[in-house]
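The chain contents come next:
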Amino acid sequence: MSASSSSIAGSGQRSIHAWLLLLPALVLLVAFTHWPAVATLIDSFYSTPKGARPAVWVGVENYQSMVDDPVFWQAVRNNLWFAAATIPASIGLALLMAVWVNERIAGRTFVRMAYFTPTVLPMIAVANIWLFFYTPQYGLLEQVTGALGLPSHNWLGSPSTALGAITLVAVWKEAGFFMIFYLAALQTLNPSLKEAAAIEGASRWYFFRRVQWPLLMPTTVFVLVNAVINAFRLVDHVFILTRGGPDNATTLLLYHLYEVGFKFWDTAYAAAITVVLVVVLSSVALFQFFVLDKKVHYQ
Amino acid sequence: MSSRQAPAVIYRHTWLDTFAAWLLALLWILPLAYAFWTAFHPSEYATRFDLGAPWTLQNFRHAWDAAPFARYFLNTTLLVAMILAAQLVLSTLAAFAFARYQFRGKNIAFALVLVQLMIMPDILLVENYQTMARLGLVDTLFAIGLPYFASAFAIFLLRQTFMGIPKELDEAARVEGASTLQILWRVYVPLARPVYTAFALVSVSFHWNNFLWPLIITNSVESRPLTVGLQVFSSVEQGVDWSTITAATLMTSAPLLVGFILFQRQFVQSFMRAGIK
C-alpha cells in the first residue's frame, strides 16, 4: 500500500478533502431535510403568525386542536383504510404478475410492458382518464354496468365508494412497479430448485408456498416498506379525482396537510400534522433498520 | 443439461395462466388504450366505441391552443435537466468521499444522508415553502428543483458502486501524477456509467411526474411544469371535453411513454437496479 500518503500529517489534510467533497450535498440535505424537520417540530408548539402578530408559544395547543379536529381523524381513518387496502392488493398482484411474466408465456414482452406502463406515466395525467371511467351516466364503468342492467352509480360522488375508487387507481399504478423487484428476485433463484421439487413430485402450489415464497421474503420486506411509505405519500390522484371529497371521504393525511397549510394558511397546525407524518415515516425506517435483516436493503 | 429439460415440462404454465395474464394485461392498459382512442377521434366518439369513426388530430390542436403547453414543456425539460445535472455532480463528489476516505464523523455524516431516504422534501412542504419565501425564490423553476439537488439515493447508489472499484486502479493513476479529481473523473465515473444511466432514468421519470411540491411553489405560467399546467387546465369547469383532455394527457406523458417503449429493456433493468426513487 502506498501508505505514505496516509501518514499522520497527511490524514488531517485528507479529512479536509473529504469534508469539502461532502459539503455541497450536506448543506442542501441539512437545509431541505434536517432543518425543516426540526423547525417543523418547533413550529408545532407556536401559533400561526398573522399579519403584525408574531407567532407565540402555545405549547401543545396545536396538537390539542388536532385531537379535536374531526377531519384529521377522518384523514387518519381514510389513510389507514387506504394503506390496508393498497398494500396487500398491490403486493399480491405484483407477485402474481412477476410469476407470470417470469414464465415463457406467449407475448411475454407485451404483457410485461402492459403491467409496467402505469409506473412511468404521470399520476396526474392518468387520473384524468380514470376520472372519465368513473363519470356518472356516460363513463366507461357506467356503460359496462348499464349493459349488465345494473343501476347507475356515482362512484366518486358517493362517500361509500369514493375511497375505494381512489384505492383502485393507486393499486393499478403501483402493482407494476413492485412486480419489477419480484421479477428480479425470481430470476436470481436457482433453477435446480424447481427441478428438484418437480422430481419429488411436489405440486406447483406447494413449490411456491414452501420454496419460492420463503426465498422471496427479503424482496417482500423491501417492497412492503416502500408500499407503506407510498401509502402515506400518494395524493396526486386525489387532486384530480375528488379533491378530498365528498364530505372528506377521500381526504388522506398528506392531502389534509396541504389543505391546512396552503388553503387555510394555518402553518402552525400544518406543522403539527407534518410531525405526525414524519413520525409515521420514521417508524417505518426504524422498523426496517432494526427489526429486519440489513441485507434486505440492497441485496 | 439433459436433466434440465425433462422435469421442466412438469412445471410448464398452463393455458389458463396465459389467459389470465393476458386478461390482466389488457385491463392494465385499458386506460391508456382508451386515451388513445378518444384523443385521435372527434369528440362525439369520446364516449362510444365505433370502429368506423374517423381519425383526427384536431383534439391535439385544441389542447395545444387551450393552454401554453410549449411553455410547460420547456419548463419541465429545463427542470428535469437542472435537477439531474445537480444530482449527478453533488452525489458523485459525496459518494467518492464516503467510498474512499477515512475521516472523523464519517458515520454520522452518512447517517444524516440516509435520513432523506425516508423523509423526503415532499413531506416537509410548509417549512420548505417558507425557506423559499425567505430566499425570494417562490414561483421559480430553481425553487422546484433545489430541495432535490442533494439526493440521498444517488449518493447511496454511487457509494456502493465506487466501493466495488479496485483501489489498484486509482493508485496506478496517482503514480502517473493524476490529481484526486482527475482520478474521479477519469477512473470512477466511466466505470460507474451503467449506474448513472439507471439513476438518470429513475430521476427523470420521477421529476417529470412530480406534482405536489411544484403545485405549491409555482403560481404563474412562467414557472409551471407540465403536471401542474395539466391540472390547472383540466380542472376548468366549462363542460368537460374528454377528447381535448385525453389529447393533453397523452401529450404530457408522450416523452416518457416514447422513451419507455424505445428503451423498455433498460428501463425495466434500471428500475430493478435502482429500487426506490
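Remember, predicted model here, so these are calculated numbers, not experimental data.

So, the overall build of chain B
Next up, step 1: Of the regular secondary structure elements, chain B holds 15 helices and zero strands.
Next up, step 2: Relative to the compact-globule value of 19 Å for 277 residues, chain B shows a C-alpha radius of gyration of 24 Å, a clear excess of over 25%.
Next up, step 3: Here chain B, with 277 residues, has 57% of them falling under the buried criterion.
Next up, step 4: In chain B, once contacts between residues fewer than 6 apart in sequence are set aside, the share between residues at least 24 apart is 73%.

A closer look at the packing of aromatic side chains
Residues and elements named next belong to chain A.
Next up, step 1: Under the criterion given, the structure shown has 43 aromatic pairs over all chains.
Next up, step 2: An angle of 65° between the planes, with centres 5.3 Å apart, marks the rings of Trp130 and Trp172 as edge-to-face. With Trp130 in helix α5 (residues 123-134) and Trp172 in helix α7 (residues 159-188), the pair connects residues that are 42 residues apart, well separated along the chain. In terms of burial, Trp130 and Trp172 fall into one category: buried.

Quick look at a nonpolar patch on the surface
Residue and element names in this part refer to chain A.
Next up, step 1: On the surface, Ile16, Leu20, Leu23 and Val27 cluster together to form a nonpolar patch covering roughly 380 Å² of accessible area.
Next up, step 2: Locating Leu20 in the fold gives a position in helix α1 (residues 8-43).
Next up, step 3: On the accessibility criterion, Leu20 (53% relative accessible area) is exposed.

A few points about the interface of chain B and chain A
Next up, step 1: Taken together, the contact between chain B and chain A spans 92 residues of the former and 101 residues of the latter.
Next up, step 2: For the pair chain B and chain A, the two sides together bury roughly 8,900 Å², of which 75% comes from carbon and sulfur.
Next up, step 3: Inspection of the chain B/chain A interface yields two salt bridges.
Next up, step 4: The closest approach of N and O atoms between Arg204 of chain A and Asp17 of chain B, which form a salt bridge, is 2.9 Å.
Next up, step 5: Broken down by element, the residue count for the side of chain B that touches chain A peaks at 15 residues, all from helix α2 (residues 15-39) of chain B.
Next up, step 6: For the side of chain B that touches chain A, a count of residues per class yields 65 nonpolar, 18 polar and nine charged.

Some thoughts on the pattern of salt bridges
Next up, step 1: Taken as a whole, this structure holds five salt bridges over all chains when the rule is applied.
Next up, step 2: Measuring nitrogen to oxygen at the nearest pair gives 3.7 Å for the salt bridge that ties Arg100 of chain B to Asp170 of chain B. Of this pair, Arg100 of chain B sits in helix α4 (residues 69-100) while Asp170 of chain B sits in helix α9 (residues 167-175), placing them 70 residues apart in sequence.
Next up, step 3: According to the relative accessible area criterion, Arg100 of chain B is buried, its value standing at 14%.
Next up, step 4: According to the relative accessible area criterion, Asp170 of chain B is buried, its value standing at 8%.
Next up, step 5: Salt bridges sharing partners connect three or more residues here, namely Glu103 and Arg204 of chain A together with Asp17 of chain B.

Regarding the UniProt feature "transmembrane region" (unreviewed entry) in chain B
Residues and elements named next belong to chain B.
Next up, step 1: Taking the numbering used here, the UniProt-annotated feature "transmembrane region" (unreviewed entry) corresponds to residues 72-96, 108-126, 132-158, 195-216 and 242-263.
Next up, step 2: End-to-end, the C-alpha atoms of residues 72-96 are 36 Å apart, and along that stretch the chain is 100% helix and 0% strand.
Next up, step 3: Helix and strand shares over residues 108-126 are 68% and 0% respectively, and the end C-alpha atoms of the span are 27 Å apart.

Thoughts on the side chain of Gln87 of chain B
All names here are of chain B.
Next up, step 1: Note on placement: Gln87 falls in helix α4.
Next up, step 2: For Gln87, the side chain forms a polar contact with the side chain of Ser203, separated by 2.8 Å.
Next up, step 3: Beyond its immediate chain neighbours, meaning those up to four positions away, Gln87 contacts Thr92, Tyr148, Phe149, Ser151, Phe199, Ser203 and His207.

Brief notes about the side chain of His237 of chain A
Next up, step 1: Mapped onto the elements of the fold, His237 of chain A is located in helix α11 (residues 236-241).
Next up, step 2: Those residues in contact with His237 of chain A that lie beyond four places of it in its chain are Phe82, Met123, Ala127, Ile166, Val169, Ala170 and Thr242 of chain A.

Quick notes on the UniProt feature "transmembrane region" (unreviewed entry) in chain A
Next up, step 1: Cross-referencing UniProt, the feature "transmembrane region" (unreviewed entry) maps to residues 80-101, 113-133, 162-184, 213-232 and 268-292 of chain A in the present numbering.
Next up, step 2: Between the end C-alpha atoms of residues 213-232 of chain A the distance is 27 Å, and the span holds 95% helix and 0% strand.

Points about the UniProt feature "domain: ABC transmembrane type-1" (unreviewed entry) in chain A
Next up, step 1: Using the residue numbers shown here, the UniProt feature "domain: ABC transmembrane type-1" (unreviewed entry) corresponds to residues 76-286 of chain A.
Next up, step 2: With 78% helix and 0% strand, residues 76-286 of chain A has end C-alpha atoms that lie 21 Å from one another.

So, the packing of helix α4 (residues 108-120) of chain A against α7 of chain A
Residue and element names in this part refer to chain A.
Next up, step 1: It is the contact of α4 with α7, at a shortest axis distance of 6 Å, that shows an interaxial angle of 125°. If you check the angle between α4 and α7, you find them oblique. Between α4 and α7 the crossing geometry is left-handed. Between α4 and α7, the residues in contact are Arg112, Tyr115, Phe116, Pro118 and Thr119 and Trp172, Lys173, Gly176, Phe177, Met179, Ile180, Leu183 and Gln187, respectively.
Next up, step 2: Considering only residue class, the contact of α4 with α7 consists of eight nonpolar, three polar and two charged.

How each quantity is defined
- Residues numbered from 1 in each chain as written.
- Chains lettered and ligands numbered in written order.
- Predicted model: local features only at pLDDT ≥ 70, side-chain atom pairs only at ≥ 80, totals over all residues.
- Heavy atoms only, no water.
- Helix = DSSP H or I, 4+ residues; strand = E, 2+ residues; numbered from the N terminus.
- Rg over C-alpha atoms; globule rule 2.2 N^0.38 Å.
- Buried < 20%, exposed > 50% of the residue type's maximum accessible area, 1.4 Å probe, protein only.
- Contact = heavy atoms within 4.5 Å.
- Phe/Tyr/Trp six-rings, centres within 6.5 Å; stacked < 30°, edge-to-face > 60°.
- Patch = residues over 30% accessible without salt bridge, like charges linked within 9 Å, V, L, I, M, F, W, Y side chains within 5 Å.
- Areas by Shrake-Rupley, 256 points an atom, 1.4 Å probe, with all protein chains shown as cover.
- Salt bridge = Lys/Arg side-chain N within 4 Å of Asp/Glu carboxyl O.
- Buried area = accessible area lost by both parts, 1.4 Å probe.
- Nonpolar A, V, L, I, M, F, W, Y, C, P; charged D, E, K, R; others polar.
- UniProt positions renumbered as here; feature names shortened; annotations may be inferred.
- Polar contact = N/O pair within 3.5 Å; in protein donor to acceptor, adjacent residues only side chain to side chain.
- Axes fitted to C-alpha atoms, helices over the stretch in contact; angles between N-to-C directions.
- Parallel < 35°, antiparallel > 145°, perpendicular 65-115°, else oblique.
- Left-handed = near helix turned anticlockwise from the far one by under 90°.

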